[in-house]
Every structure is written in structure tokens, then in C-alpha cells.
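Commentary on secondary and tertiary structure
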Amino acid sequence: MSYVTEVTAADSAAALAHFEASFRYETDCWDVHNAISTGQQDFVLLDVRGSEKYEAGHVPGALDLAHRKIIGSKLAEFPADTLFVVYCAGPHCNGAARAAIRLAKLGRPVKVMPGGITGWVDEGFELARS
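Residues numbered from 1 in each chain as written. Predicted model: local features only at pLDDT ≥ 70, side-chain atom pairs only at ≥ 80, totals over all residues. Heavy atoms only, no water.

Our focus in this paragraph is the pairing of strand β1 (residues 44-47). Residue alternation in β1 divides its side chains into two sets, Val44 and Leu46 and Leu45 and Asp47, and both sets are buried. Inspection of the sheet shows β1 paired to strand β2 (residues 63-64) by two bridges, in the parallel sense. Looking at β2, one finds that Leu46 is bridged to Leu63. (Buried < 20%, exposed > 50% of the residue type's maximum accessible area, 1.4 Å probe, protein only. Helix = DSSP H or I, 4+ residues; strand = E, 2+ residues; numbered from the N terminus. Pairing = 2+ DSSP bridges.)

So, about the nonpolar core. Soluble, globular proteins show a tendency: their nonpolar side chains are buried together. Counting residues in each nonpolar core, the largest one holds 16 residues, and the members touching the most others are Leu46, Val48, Ile70, Leu75, Phe84, Val86 and Leu103. Going through the elements one at a time, β1, β3 (84-87), α5 (95-105) and β4 (110-112) are the ones with two or more residues in this core. With four residues, α5 is the single largest residue contributor to this core. Here Ile70 is in contact with Val48, Leu65, Leu75, Ala99, Arg102, Leu103 and Leu106, once residues within four sequence places are set aside. Membership of the second largest hydrophobic core comes to 14 residues, among which are Cys29, Val59, Ala62 and Tyr87. (Core = buried A, V, L, I, M, F, W, Y, C linked by side-chain atoms within 4.5 Å. Contact = heavy atoms within 4.5 Å.)

Next up, the structure:
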């Protein structure tokens, strides 16, 4: 028995519920790029890495708001039902999850783009620079 099969896989119904639910919490770089490039962006994209990294290269259209600086007053210009999509450096970084927690605590809808800048570049998408 391998480490893969040592723990029994979930049944199909449980797996379906789990994977369908995951889309409520995250999105990927391709879907964000598609929404931006087709003019269908219906969310606010936040780069939560910090200004220095943002200026070096960020997803086009993203706003610079480090996860430690996410507070209610910084979001006041956005309607309460605005969906925020947050990203950081990539899957090795927990800044996006920290940002998602802050936004959720403020009662804001939020999804994480787990690939972050690393995933964006891996997909071959261009970065904007300030």
C-alpha cells in the first residue's frame, strides 16, 4: 500500500461537494486573465504583496493593497457586495490567505488566486510595471 492509498479516497458525492465548494473560495490565473482581457471583470483585484513588489511587476489592473493594510476605511469606496480577488507571490506564500481572512472579517466577499504572480507568469501572461 502506498502513501497515496493509505488514506481511503472520499466517495464520489463527498469529492463532488468538496471540489464544487472550492470554486466559492478561489479562482485561477487564467479565469482572471480572461475576465480582464474580455472586459468582463466584475471584481476588484488586489495585489497584497506590498508596494515595492507591486511596482516591480503586477497583474494589469490590480490595486496595490498589502494584506497588513486591509482595513475598512481603505475599502470604503467599494460597495459592500464587491467581490475582491486577492493574490500574492504564489502558492508558496500565505499573504493571499491572510488578505482573504481580513476581508472576510470585514464582511467582504473574497476569493484567492492561489497561483499569484508565479502562476500568472507561468501561464505566459504579461505583468504591468509602475
